[in-house]
Amino acid sequence: MSEKRLRGVHGQTVEALAGRILAGEISEGDTLDLPALREELDVSLTALREALKVLSAKGMIDARQKRGTFVQPRSSWNLLDTDVMRWQTQANADHSLFDELTEMRVIVEPAAARLAAERATDADIEALSAALDRMASARDLAATVQADLDFHRLLMAATHNAFLTQVERIIAIGLAERDKLVHGSVEDDPVPSHRAVVDAIAAREPEAAYTAMRALVDKSGADLERLQGR
């Protein structure tokens, strides 16, 4: 999954405001002083308002008569938005979001692997094997992350369940950020754990696929904990 970040002054303003909110410099419930922000960020009022529209669409801010523009509580944020996820993972030093991601993956991915072992076509298995080959031959972090994301997307596609395909999009948002941390810092080969999943699916062994995928997700969580020194 490729990132599509806003560019130019507009994008910089959005990033700056989001960074302040996530850092707690502007707290939930705070009313924004637009003239002061415009001066601090050295942008036009039009540019500031356009940036605020972006954050409003992501549920992070709102505006009301007599109250002005204010920061929404986190419960109102679109936590599944790619930018919101990225901002949170970058600002959240304890990586609690990754723990929540692991919990979600434990619930979803092993069951999806079991279903894939029952439903995957030969073309699905070939695609999974090709993603695994790209993972094995990757020579840099970006290629490794992309191959891993491809693998998980193809796994969900192999279930031939439209809802699980949509769920994969949610998982991929956090998985991309998690991969950048782990694959860039932990010296470990991700291929064997992924190969075990493909082998079980190819052998049409649902329970073996479930077990292999559960082991993969558990290993993913352990790698992150090791990185965090927990």
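Residues numbered from 1 in each chain as written. Predicted model: local features only at pLDDT ≥ 70, side-chain atom pairs only at ≥ 80, totals over all residues. Heavy atoms only, no water.

What to know about the pairing of strand S2 (residues 68–71)
Link 1 in the chain: In this sheet, S2 lies alongside strand S1 (residues 61–64) in antiparallel orientation, the contact comprising 4 bridges. Counterpart to alanine 63 in the pairing with S2 is threonine 69.
Link 2 in the chain: Here S1 folds back onto S2, and the loop between the two strands holds 3 residues, one of which, lysine 66, carries a positive phi near 75°. (Pairing = 2+ DSSP bridges. Helix = DSSP H or I, 4+ residues; strand = E, 2+ residues; numbered from the N terminus.)

Topic: empty space enclosed by the protein
Link 1 in the chain: Tallied over the entire structure, the rule returns 2 cavities of 30 Å³ or more.
Link 2 in the chain: Around the second largest cavity, the lining residues are Phe98, Leu101, Thr102, Arg105, Arg178, Ser220, Gly221 and Leu224.
Link 3 in the chain: Residue assignment for the lining of the second largest cavity shows that the elements contributing at least two residues are helix H5 (96–119) and helix H10 (206–228).
Link 4 in the chain: Sort the elements by how many residues they give to the lining of the second largest cavity and H5 lands first, with 4 residues. (1 Å grid on protein atoms, 1.4 Å probe; cavity = no way out; pocket = protein on both sides within 12 Å on 5 of 7 lines; lining within 4 Å. Points joined across faces, edges and corners; volume = space filled by probe spheres on them.)

Some details on the layout of surface pockets
Link 1 in the chain: Reported here for the largest pocket is a volume of approximately 160 Å³.
Link 2 in the chain: Taken together, Arg74, Leu79, Leu80, Met85, Gln88, Leu97, Glu100, Leu101, Met104, Ile170, Ile171 and Gly174 form the lining of the largest pocket.
Link 3 in the chain: Where the lining of the largest pocket is concerned, the elements lending two or more residues are helix H4 (82–91), H5 and helix H8 (162–185).
Link 4 in the chain: The leading source of residues in the lining of the largest pocket is H5, at 4 residues.
Link 5 in the chain: Residues that form the lining of the largest pocket fall into these classes: 8 nonpolar, 2 polar and 2 charged. (Nonpolar A, V, L, I, M, F, W, Y, C, P; charged D, E, K, R; others polar.)

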